[in-house]
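Below, each chain spelled out in residue letters.
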Amino acid sequence: MRIYKPSKRPLIIIYALLAGLLLLIRFALNLILDLISKYIPYFSLADHYVLLPLWIIAALFAVLVLPFYFHKARFTVSGKEITAKGGLIVTTRQFMLTQSVKSVTTVMLPLGGLTGFNFIILNALGARVVLPFLSKKDAAEISAAVNNSIRSRGQS
């Protein structure tokens, strides 16, 4: 039995994308406020007060939600079962017997080795388990283990 954790690289990339999105929104809002103040001479609204709720929500998301999700997520692969544990407030556990897996889909992006945006989708009759944000090595290892299990069932 081996326990896998999500890679930390996607967390850093999500932080960078969130910061870029906030800067883009701030730039667009500054343009809009400048345009409004140009046509309405007495319009005076400080843009940092308009963006304050957005910055607070983004900070809470970045400081509390994302690290908590990456900290709680665990994936266990053994010869008998595959377990995915995760969640934010409510912890969810998904179990799938290795013998019930019908197909494995491994999604590895072109820069998956650098970014950690690699996913494994395990399909069974009426069930699906997704293992997100794996390193390229872990994704290949899990995929090979489950594929070997499927092949060994076919030969028996």
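Preceding this section is the structure that the text describes.
Residues numbered from 1 in each chain as written. Predicted model: local features only at pLDDT ≥ 70, side-chain atom pairs only at ≥ 80, totals over all residues. Heavy atoms only, no water.

(A) Summary view of the overall build of the chain. What the chain contains, in helices and strands, is 4 helices and 7 strands. Listed N to C, the secondary structure of the chain is β-α-α-β-β-β-β-α-β-β-α in terms of helices and strands. The C-alpha atoms of the chain give 22 Å as radius of gyration, which overshoots the globular expectation for 156 residues (15 Å, by more than 25%). Overall size of the chain, expressed as C-alpha extent along the three principal axes, is 80 × 30 × 25 Å. Residues counted as buried form 31% of the 156 residues belonging to the chain. The long-range fraction of contacts in the chain, counting pairs at least 24 apart against all pairs at least 6 apart in sequence, stands at 48%. Looking at the chain, you have 17 positive and 5 negative side-chain charges, and the mean spots of the two groups are 11 Å apart. (Helix = DSSP H or I, 4+ residues; strand = E, 2+ residues; numbered from the N terminus. Rg over C-alpha atoms; globule rule 2.2 N^0.38 Å. Buried < 20%, exposed > 50% of the residue type's maximum accessible area, 1.4 Å probe, protein only. Contact = heavy atoms within 4.5 Å. Lys, Arg positive; Asp, Glu negative; His and termini not counted. Charge placed at Lys NZ, Arg CZ, Asp CG, Glu CD.)

(B) Here's a closer look at the sheet that holds strand E6 (residues 118–124). Strands sit in the order E5-E6-E7 across an open sheet of 3 strands; the sheet is antiparallel. Among the strands making up the open sheet, the edge pair consists of strand E5 (101–108) and strand E7 (127–134). Within the sheet, the average angular offset between the axes of one strand and its neighbour, ignoring direction, is 15°. Judged from the 6 bridges that link them, E6 and E7 form a sheet pairing that is antiparallel. Paired with Asn-118 across the two strands is Leu-134, which belongs to E7. Against the sheet, helix H4 (residues 136–155) touches E5, E6 and E7, its axis set at about 160° to E5. (Pairing = 2+ DSSP bridges. Axes fitted to C-alpha atoms, helices over the stretch in contact; angles between N-to-C directions.)

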